[in-house]
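The primary structure of each chain is shown beneath.
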Amino acid sequence: MPKVGFVSLGCPKALVDSERILTQLRAEGYAISPDYAGADLIVVNTCGFIDDAIEESLDAIGEALAENGRVIVTGCLGAKGDIVKQTHPQVLAVTGPHALEEVMQSVHAHLPKPHDPYTDLVPPAGIKLTPRHYAYLKIAEGCNHRCTFCIIPSMRGDLVSRDVGEVLQEAENLVKSGVKELLVISQDTSAYGVDVKYRPGFWQGRPVKTRMVELAQALGGLGVWVRLHYVYPYPHVDEIIPLMAQGKILPYLDVPFQHASPRILKLMKRPANAENNLARIQGWREACPDITLRSTFIVGFPGETEPEFNELLDFLRAAQLDRVGCFAYSPVDGASANALPNAVPGEIRQERLARFMEVQAKISADKLQGKVGKTLSVLVDSIEGDTVVARSSADAPEIDGVVHIDGAENLKPGDFCQVRVTRVSEHDLWAKILSR
Ligand code: SF4
């Protein structure tokens, strides 16, 4: 049984942190060593409140290093910049206070968990409800915005970003278990890390910022498709477009614009509502000509006038988005938008929805038609009789179209291949296989 020694310093809050770490260590099958000599690793939970406490903590780390040599540091001193690493560069890892998951990650990295024949029946990637070759990767829960049509923050609370090291470890496990496409999701993917001030986490022994761009960069190194969903057009979104152009992540951006009229966007309290989205879209296309843009919209929002609706249609025609979903406004119980004046009558909402879909259907059809003759890299989803059903970078599972491949043999779900598009239907493509 691997043995961990523990030194706990500081106030009652630090003591509770120590108790949680010790509880987790025991729950995972580690033994706790009462002395340095019998331990495979020492965790020192430090205090950094006053100078004396800092000195005591640094001394305790020094003693553990001298007596044992393998030391992980956690607690308040870990949050005080580089002081631990500067004084004791040999420590294996340093985390701040209340960092149970990070401490456990460091322990796992330097002293692997004992084998448990009961829990080890579960694959490292956990139990998945998606097909084996793609998986959703949830990076945060909750949302800091208060869009007036939405009740998610009241149900799920404010944004809580997952530890970036933990997210990347999960992604790595998924890839090892055969996943070929990672679909990054949250309520507001571009806000990832705002709640923790983009603090760095650790993955594969190196620091990675808790931030969408750095996360996308790291995921892009795993050698599988990476698709980002629910990205609001904050300025830093421009930084991920080069990753798409370089082929590190899929050139696919799911940006829920919801409307184009500045007044309606303000009434909706949409994040990034002051951005010039047409200019942004143009910039993204210049930087990455192959980019697929998906968005969703709401028509008939309370107060939406006919000219404002037409502004939305003009935006659609100018933006030439590839994939679009649209809903007629529906008053969700508890949404503050329900109290806004000048509700749009139900039949006008439906009529606007139909007009919206008519405009977009033509745009989407022209876009699909433009793909005939093009060579695409596709990922096989399923085999249905003689037809192989696959998806290209432009197609997210369940929500976008598919690519039907005629006459392809010996392909199975999770295979990549190259195809040439021969014809299109309203939503899907048909193609011939070129190579595997
Ligand atoms: S719609 Fe607005 S409030 Fe609701 S989850 Fe998305 S960003 Fe947050």
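In this report, we go over the structure that sits alongside the text.

We now examine the site of the ligand. C143, H145, C147, F149, C150, P153, Q187, Y232 and R270 make up every residue found near the ligand. Partitioning the shell around the ligand into residue classes produces six nonpolar, two polar and one charged.

Take the packing of aromatic side chains next. Per the stated rule, a full pass over the model turns up seven aromatic pairs. Here the aromatic rings of W225 and F416 are separated by 5.3 Å at their centres, their planes lie at 55°, and the arrangement is tilted. Placement of the pair is W225 in strand β12 (residues 225–228) and F416 in strand β19 (residues 416–424), with a sequence separation of 191 residues. A centroid spacing of 5.4 Å and a plane angle of 80° characterise the contact between F301 and Y329, whose relative ring orientation is edge-to-face. Taken as a pair, F301 in the loop between β14 (292–299) and α11 (306–319) and Y329 in the loop between β15 (323–328) and α12 (346–369) lie far apart in primary sequence, 28 residues in all. Three or more aromatic residues joined by ring pairs form one cluster here, namely F257, F297, F315 and F356. The ring centre of Y198 lies 5.9 Å from the NZ or CZ of R211, which sits over that ring.

What follows covers the side chain of S18. Turning to its location among the elements, S18 is positioned in helix α1 (residues 12–27). Exposure remark for S18: the relative accessible area of 2% places this residue in the buried category. When neighbours within four sequence positions are excluded, S18 is seen to be in contact with F6, S8 and N45.

To continue, consider α11. Between its first and last C-alpha atoms α11 spans 20 Å; for 14 residues at 1.5 Å apiece the expected length is 20 Å, and the two agree. By the burial criterion, the buried members of α11 are E308, F309, L312, L313, F315, L316 and A319. In an axial view of α11, the angular spread of the buried residues amounts to 155°, which keeps them on one side of the axis. In this structure, the buried side of α11 is in contact with α9 (262–268), α10 (277–287), β14 and α12.

Looking now at the sheet that holds β19. Taken together, the five strands give a closed barrel; going around it, the order is β16-β17-β18-β20-β19, and neighbouring strands pair in mixed fashion. Going from strand to strand, the sheet's axes swing by 55° on average, the running direction of each strand aside. Where strand β16 (residues 375–384) and strand β17 (residues 387–391) come together, five bridges link them in antiparallel fashion. Paired with L379 across the two strands is R391, which belongs to β17.

If you trace the five strands from one edge of the open sheet to the other, you get β2-β1-β3-β4-β5, paired in parallel fashion. Each edge of the open sheet is held by one strand with a lone partner, namely β2 (31–33) and β5 (93–94). Pairing of strand β3 (residues 41–46) with strand β4 (residues 71–75) involves five bridges; the strand directions are parallel. By the bridge assignment for β4, I42 is matched with V71. Lying on the sheet, α1 is in contact with β1 (3–8), β2, β3 and β4; it crosses β1 at an angle near 175°.

Mapping T95 onto the fold places it in the loop between β5 and α4 (100–110). T95 has contacts with V73, T74, G75, G78, E102 and V103, leaving out every residue within four places of it along the chain.

What follows is about the pattern of salt bridges. Using the criterion set out here, one finds 27 salt bridges in the structure. For the salt bridge of E239 with R211, the shortest nitrogen-to-oxygen distance reads 3.0 Å. With E239 in the loop between β12 and α8 (241–245) and R211 in the loop between β11 (206–209) and α7 (212–220), the pair connects residues that are 28 residues apart, well separated along the chain. The class for E239 is partly exposed, based on a relative accessible area of 39%. Through salt bridges with shared partners, one network takes in E304, E306, E351, R352 and R355.

Before going further, it helps to spend a moment on the packing of α1 against α4. The interhelical angle for the contact between α1 and α4, taken along N-to-C directions, is 45°, at an axis separation of 10 Å. By the angle between their axes, α1 is oblique relative to α4. For the crossing formed where α1 meets α4, the hand is right-handed. Taken together, the residues of α4 that come into contact with α1 (itself represented by R20, I21, Q24 and L25) are L100, V103, M104 and V107. Along the lines of polarity and charge, the residues of the contact of α1 with α4 split into six nonpolar, one polar and one charged.

On to the packing of α10 against α11. At a minimum axis separation of 10 Å, α10 and α11 run at an interaxial angle of 10°. Put simply, α10 runs roughly parallel to α11. Contact residues: α10 offers N277, L278, I281 and R285, while α11 offers F315, A318 and A319.

Parameters and conventions
- Residues numbered from 1 in each chain as written.
- Predicted model: local features only at pLDDT ≥ 70, side-chain atom pairs only at ≥ 80, totals over all residues.
- Heavy atoms only, no water.
- Near = heavy atom within 4 Å.
- Nonpolar A, V, L, I, M, F, W, Y, C, P; charged D, E, K, R; others polar.
- Phe/Tyr/Trp six-rings, centres within 6.5 Å; stacked < 30°, edge-to-face > 60°.
- Helix = DSSP H or I, 4+ residues; strand = E, 2+ residues; numbered from the N terminus.
- Lys NZ or Arg CZ within 6 Å of the ring centre and 35° of its normal.
- Buried < 20%, exposed > 50% of the residue type's maximum accessible area, 1.4 Å probe, protein only.
- Contact = heavy atoms within 4.5 Å.
- Expected span 1.5 Å × (residues − 1).
- Arc of directions from axis to C-beta.
- Pairing = 2+ DSSP bridges.
- Axes fitted to C-alpha atoms, helices over the stretch in contact; angles between N-to-C directions.
- Salt bridge = Lys/Arg side-chain N within 4 Å of Asp/Glu carboxyl O.
- Parallel < 35°, antiparallel > 145°, perpendicular 65-115°, else oblique.
- Left-handed = near helix turned anticlockwise from the far one by under 90°.

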